[in-house]
Amino acid sequence: MFLTLLSLMYIGFIIGLSGAAMPGPLLAFTVFDTTRKNKITGHYIIAGHAIVESFLIILILLGLGSLLQSNKTLIYFAGGLVLVWMGLGISRNEPEKVEIAKIKVNSSIGGGVFYTMFNPAMPVWWATAGLALLLKGSEAMGTLGVAFIVIGHWLSDFLYYVFVSFVVHRNKKYVNPKQRQIMLLLSVFVVAVGAHFVVQSLSQLPL
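Residues numbered from 1 in each chain as written. Predicted model: local features only at pLDDT ≥ 70, side-chain atom pairs only at ≥ 80, totals over all residues. Heavy atoms only, no water.

Q: Can you explain the side chain of glutamate 53? Please cite residues and give values.
A: Within the secondary structure layout, glutamate 53 lies in helix H3 (residues 42–70). Residues in contact with glutamate 53, not counting those within four places in the same chain, are Met122, Trp126, His153, Trp154 and Asp157. (Helix = DSSP H or I, 4+ residues; strand = E, 2+ residues; numbered from the N terminus. Contact = heavy atoms within 4.5 Å.)

This is the structure in structure tokens:
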């Protein structure tokens, strides 16, 4: 039983790590948030990320997975538009005059929640590949198996994003003087991701 649980957690960890390592809006926000606050914030961001995923996992287990799949075009379109808007917002911040209260997503946890909620790839992933992982855990050990799959997934997110935040903070003497360039780069990246999702959604519309 113990080895089975460990193997399920390992599967969740490896699959989760492969997803966490892919560049996306949450990663961009982690670099941005660590830079502007001049401290490690990755653990707070992932806490917000996990809050959203908790609700989504529960809903998928209750049968929402098929609904998400049938509406994925709308999910990609709406999420893509929000990411474009947030990316443009990042580009308008002036690092030298930055005031945390004036930034749209002020809280690290709130940023984790926001960039998870409006990343259209995330609910679709959980409704497909994620659901397969949850079913694997359920078939192996029931509710306990599902829990260990999720724990492994969150552990990979936590370790990876804390590591990214640590590296950015540790190299702040190189990063801080280039805050404006970093913000512009992250802004372009988030806008590009959002635009990609919008184009993808439009390409799925029947002609």
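Q: Requested: an account of the layout of surface pockets, with residues and values cited.
A: As a volume, the largest pocket reaches approximately 480 Å³. Lining the largest pocket are 24 residues, with Gly19, Ala20, Met22, Asn119 and Met122 sitting closest to its centre. Those elements giving two or more residues to the lining of the largest pocket turn out to be helix H1 (2–20), helix H2 (25–37), H3, helix H5 (108–117), helix H6 (121–170) and helix H8 (179–203). Among the elements that take part in the lining of the largest pocket, H6 stands out by supplying 7 residues, more than any other. Taken together, the residues that form the lining of the largest pocket break down as 15 nonpolar, 7 polar and 2 charged. (1 Å grid on protein atoms, 1.4 Å probe; cavity = no way out; pocket = protein on both sides within 12 Å on 5 of 7 lines; lining within 4 Å. Points joined across faces, edges and corners; volume = space filled by probe spheres on them. Nonpolar A, V, L, I, M, F, W, Y, C, P; charged D, E, K, R; others polar.)

Q: How would you sum up the packing of H2 against H5? Please name residues and give values.
A: With their axes 9 Å apart at the nearest point, H2 and H5 run at an angle of 160° to one another. If you check the angle between H2 and H5, you find them roughly antiparallel. As for how H2 packs across H5, the hand of that crossing is right-handed. Contact with H2, carried on its side by Pro25, Leu26, Phe29, Asp33 and Lys37, involves Ser108, Gly111, Gly112, Tyr115 and Thr116 of H5 and no other residues of that element. Residues belonging to the contact of H2 with H5 are distributed by class as follows: 4 nonpolar, 4 polar and 2 charged. (Axes fitted to C-alpha atoms, helices over the stretch in contact; angles between N-to-C directions. Parallel < 35°, antiparallel > 145°, perpendicular 65-115°, else oblique. Left-handed = near helix turned anticlockwise from the far one by under 90°.)

Q: Any chance you could break down the nonpolar core for me, citing the residues and the numbers?
A: Leu26, Leu83, Tyr115, Tyr160, Tyr161 and Val164 are the most contacted members of the largest nonpolar core, which totals 23 residues. Contributing elements (two or more residues each) for this core: H2, H3, helix H4 (72–91), H5, H6 and H8. Counting residues per element, this core draws most heavily on H2, at 6 residues. Apart from residues lying up to four places away in sequence, leucine 26 is in contact with Ile45, Ile46, His49, Gly111, Gly112, Tyr115, Thr116 and Tyr161. Counting 12 residues, the second-largest nonpolar core is a separate cluster that includes Leu8, Leu134, Val146 and Val150. (Core = buried A, V, L, I, M, F, W, Y, C linked by side-chain atoms within 4.5 Å. Buried < 20%, exposed > 50% of the residue type's maximum accessible area, 1.4 Å probe, protein only.)

Q: For the confidence of the model for the chain, give the residues involved together with the corresponding values.
A: Confidence in the prediction of the chain, expressed as mean pLDDT, is 81, and 85% of residues score 70 or more. Here helix H7 (residues 172–175) is the element of the chain with the lowest mean pLDDT, 67, and H5 is the one with the highest, 91. Within the model, the stretch residues 95–103 combines pLDDT values under 50 with 11 contacts to residues more than four positions away or in other chains. (pLDDT = per-residue confidence, 0-100.)

Q: For the packing of aromatic side chains, give the residues involved together with the corresponding values.
A: Two aromatic rings, taken as a pair, are described by how far apart their centres are and by the angle between their planes. In total, this model carries 5 aromatic pairs according to the counting rule given. A ring pair is formed by phenylalanine 114 and tyrosine 115, whose centres lie 5.6 Å apart and whose planes are at 70°; its orientation type is edge-to-face. Of the two residues examined, phenylalanine 114 and tyrosine 115, each falls in the buried class. Geometrically, the ring pair formed by phenylalanine 114 and phenylalanine 118 is tilted, given 4.8 Å between the ring centres and 40° between the ring planes. The rings of Phe29, Phe32, Phe114, Tyr115 and Phe118 are connected pair by pair, giving a single aromatic cluster. (Phe/Tyr/Trp six-rings, centres within 6.5 Å; stacked < 30°, edge-to-face > 60°.)

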